[in-house]
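Coordinate inspection notes
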Amino acid sequence: MQDQLESIYQQALHDMEGVRDAEALQAWESQYLGRKGQLTLMLRQTGQLPPEARAGFGKRANEIKEALQSLHLEREEAIRQAELARSLEEGAIDVTLPGRTQAMGGLHPSTRTLRRIQQIWADMGFQVYRSRDVELDEVNFTLLNMPPHHPARDMQDTFYTTQPDIILRTHTSGGQIRAMREFGEDGTQPIRVILPGMCYRYEQISTRSEIQFHQVEGLAIGKGIRMSDLKGTITEFARRLYGEHADVRFRASYFPFTEPSMEVDVQCFLCEGHGCSVCKRTGWLEIMGCGMVHPVVLQNGGYDPNEWSGFAFGMGPERITMLKNGIEDIRYFWGNDLRILEQF
Ligand code: DAH
């Protein structure tokens, strides 16, 4: 029995080496230390030994029992630690994963161009004047030298309201009258303003025309302002917008509120004047209308045209953005398609 006891002990030690989880530990415990475990059964047989052998056997069996019990405790703790480590690892944050990017809003392409244009004119000493979107017919047309039935009114199809004299402005030019009356102090003060804003026209919407679009109007009034001032100022603006070497040309044109009137072309910056589809093989892109303020308009603004003169200009930021980015359809601007807007 002594030998049997020792071999059970050795077997128990050996088996413990393979115990890796709580389940196997449980099985090991009932195999050796449980109620019907091998060691328990051995201990119960102590009485069958001759009396002189009992004490020695009992002592040894209890030593083994204690050894196995503490081995059991030790392994139990080791398994608990291993499981804890594993669950920590499973729930751990993988710091090498790429982060989730925040969806960022962006400025509308028109806003970007508008701000760029405004910045350039501000640097050149022009104040921003915000005129109104809902305008009097008189200001939008009549005071700009377009009396009722003037044929030039047909150039701009108008949104009317239920009030006979109130319309949506078709261009920012009417703001010239308001700026002159407000800043001119009865025609005694010079002014330099730009008037950015939304304009509205009753148009068939197509790739080239929308019912709403921005304009940036400009107006300079002073004593002795001449056409060379206009040309120099516009050329400087174009160079600041398109680059130092931008070439600019002025073509004679007609607007009722300026005399003489011109349209301004900048050399096509896509093909550098060689001719491409954007400039329709001409090498030039039209970027604005301008001219010397018509004496009638000066007068309507409160200035004496014999003493005062000035120049005005008007440009479309959407058109400028389209040319710059090769956008072929103006409807993209108000279509709210993120695939378009996110490109800016
Ligand atoms: N108001 C004109 C338009 O909508 C643009 C324009 C042309 C404005 C000449 C001006 C100007 O101030 O001088 O087409």
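The subject of this paragraph is the packing of helix α5 (residues 109-123) against helix α10 (residues 317-325). Remark: α5 packs on α10, axes separated minimally by 9 Å, with the N-to-C direction vectors making an angle of 105°. Considering their axes alone, α5 and α10 lie roughly perpendicular with respect to each other. Packed against α5, whose contacting residues are Pro-109, Ser-110, Thr-113, Leu-114 and Ile-117, the element α10 presents Pro-317, Glu-318, Ile-320 and Thr-321 at the interface. Its residues assigned to classes, the contact of α5 with α10 shows five nonpolar, three polar and one charged.

Moving on, we come to the nonpolar core. Among the nonpolar cores identified, the biggest contains 35 residues, and Trp-121, Phe-313 and Met-315 are the most heavily contacted of them. Here the element with the most residues in this core is helix α8 (residues 227-242); it accounts for six residues. By size, the runner-up hydrophobic cluster in this structure holds 24 residues, among which are Leu-143, Ala-179, Phe-257 and Tyr-303.

So, about the environment of Lys-65. For Lys-65, the position within the fold is in helix α4 (residues 51-90). Separated by 22 residues in sequence, Lys-65 and Leu-43 have C-alpha atoms that sit 9.5 Å apart. Every residue in contact with Lys-65, bar those within four places of it in the chain, is listed here: Leu-33, Leu-39 and Leu-43.

Turning to the site of the ligand, a few remarks are in order. Surrounding the ligand, one finds 16 residues, the nearest of these being His-171, Ser-173, Arg-201, Gln-215 and Glu-217. Take His-171: an N or O atom from its side chain is 3.0 Å from a nitrogen atom of the ligand. The side chain of Glu-217 places a nitrogen or oxygen atom 2.5 Å from an oxygen atom of the ligand. Surface burial for the ligand is 90%, taken as the share of its 360 Å² of free accessible area covered by protein chains. Elements with a minimum of two residues in the shell around the ligand: β5 (212-222), β8 (284-293) and β9 (309-315). Of the residues in the shell around the ligand, the class split is five nonpolar, nine polar and two charged.

On to α8. Compared with the 22 Å implied by 1.5 Å per residue over 16 residues, the 22 Å span of α8 between its first and last C-alpha is a close match. Of all the residues in α8, the buried ones are Leu-230, Thr-233, Ile-234, Thr-235, Phe-237, Ala-238, Leu-241 and Tyr-242. Check the buried side of α8 and you find it contacts α5, β6 (248-255), β7 (258-267), β8, β9 and α10. Gly-243 lies just past α8 and shows a positive phi near 115°.

Further remarks concern the side chain of Glu-210. Mapping Glu-210 onto the fold places it in the loop between β4 (191-200) and β5. Apart from the residues within four sequence positions on either side, Glu-210 is in contact with Arg-201, Glu-203, Ile-205, Ile-330, Arg-331 and Trp-334.

Burial analysis of β7 places seven of its 10 residues in the buried class, which makes it a mostly covered element. Bridge count for β6 against β7 is seven bridges, and the pairing is antiparallel. When the sheet's bridge partners are listed, Ala-252 is paired in β7 with Met-262. Hairpin connection of β6 to β7: two residues between the antiparallel strands. Pairing between β7 and β8: eight bridges, direction antiparallel. Bridge pairing in β8 links Ser-261 to Gly-291.

With mixed pairing, the seven strands of this open sheet are ordered in space as β1-β4-β5-β9-β8-β7-β6. Each edge of the open sheet carries a strand with a single partner, namely β1 (127-128) and β6. Against the sheet, α8 engages β6, β7, β8 and β9, with an angle of about 150° to β8. Running over the sheet, α10 touches β5, β8 and β9 and is turned about 110° from β5.

Moving on, we get to the pairing of β9. Across the seven residues of β9, five count as buried, placing the element largely inside the fold. Two strands pair when backbone bridges link them, and β8 and β9 are joined in this way by five bridges, in the antiparallel orientation. Within β9, the residue paired with Gly-291 across the bridge is Ala-312.

Right, let's get into α4. End to end, α4 covers 58 Å across 40 residues, agreeing with the expected 58 Å (1.5 Å per residue, within 8%). Turning to α4, its buried residues are Phe-57, Gly-58, Ala-61, Ile-64, Leu-68, Leu-71, His-72 and Ile-79. Along its buried surface, α4 packs onto α1 (2-17), α2 (22-32) and α3 (38-44).

Here the focus is the packing of aromatic side chains. Under the definition given, this model contains 12 aromatic pairs. Judged by centre distance (5.3 Å) and plane angle (90°), the rings of Tyr-129 and Phe-183 are edge-to-face. With Tyr-129 in the loop between β1 and β2 (134-136) and Phe-183 in helix α7 (residues 174-183), this residue pair connects regions lying 54 residues apart in the sequence. Exposure remark for Tyr-129: the relative accessible area of 7% places this residue in the buried category.

Structurally, the protein chain comprises domain 1 (2-90) and domain 2 (109-341). Put simply, the middle of domain 1 and the middle of domain 2, counted by C-alpha atoms, are 97 Å apart.

Basis of the calculations
Residues numbered from 1 in each chain as written. Predicted model: local features only at pLDDT ≥ 70, side-chain atom pairs only at ≥ 80, totals over all residues. Heavy atoms only, no water. Axes fitted to C-alpha atoms, helices over the stretch in contact; angles between N-to-C directions. Helix = DSSP H or I, 4+ residues; strand = E, 2+ residues; numbered from the N terminus. Parallel < 35°, antiparallel > 145°, perpendicular 65-115°, else oblique. Contact = heavy atoms within 4.5 Å. Nonpolar A, V, L, I, M, F, W, Y, C, P; charged D, E, K, R; others polar. Core = buried A, V, L, I, M, F, W, Y, C linked by side-chain atoms within 4.5 Å. Buried < 20%, exposed > 50% of the residue type's maximum accessible area, 1.4 Å probe, protein only. Near = heavy atom within 4 Å. Polar contact = N/O pair within 3.5 Å; in protein donor to acceptor, adjacent residues only side chain to side chain. Areas by Shrake-Rupley, 256 points an atom, 1.4 Å probe, with all protein chains shown as cover. Expected span 1.5 Å × (residues − 1). Pairing = 2+ DSSP bridges. Phe/Tyr/Trp six-rings, centres within 6.5 Å; stacked < 30°, edge-to-face > 60°. Domains from an automatic or database assignment.

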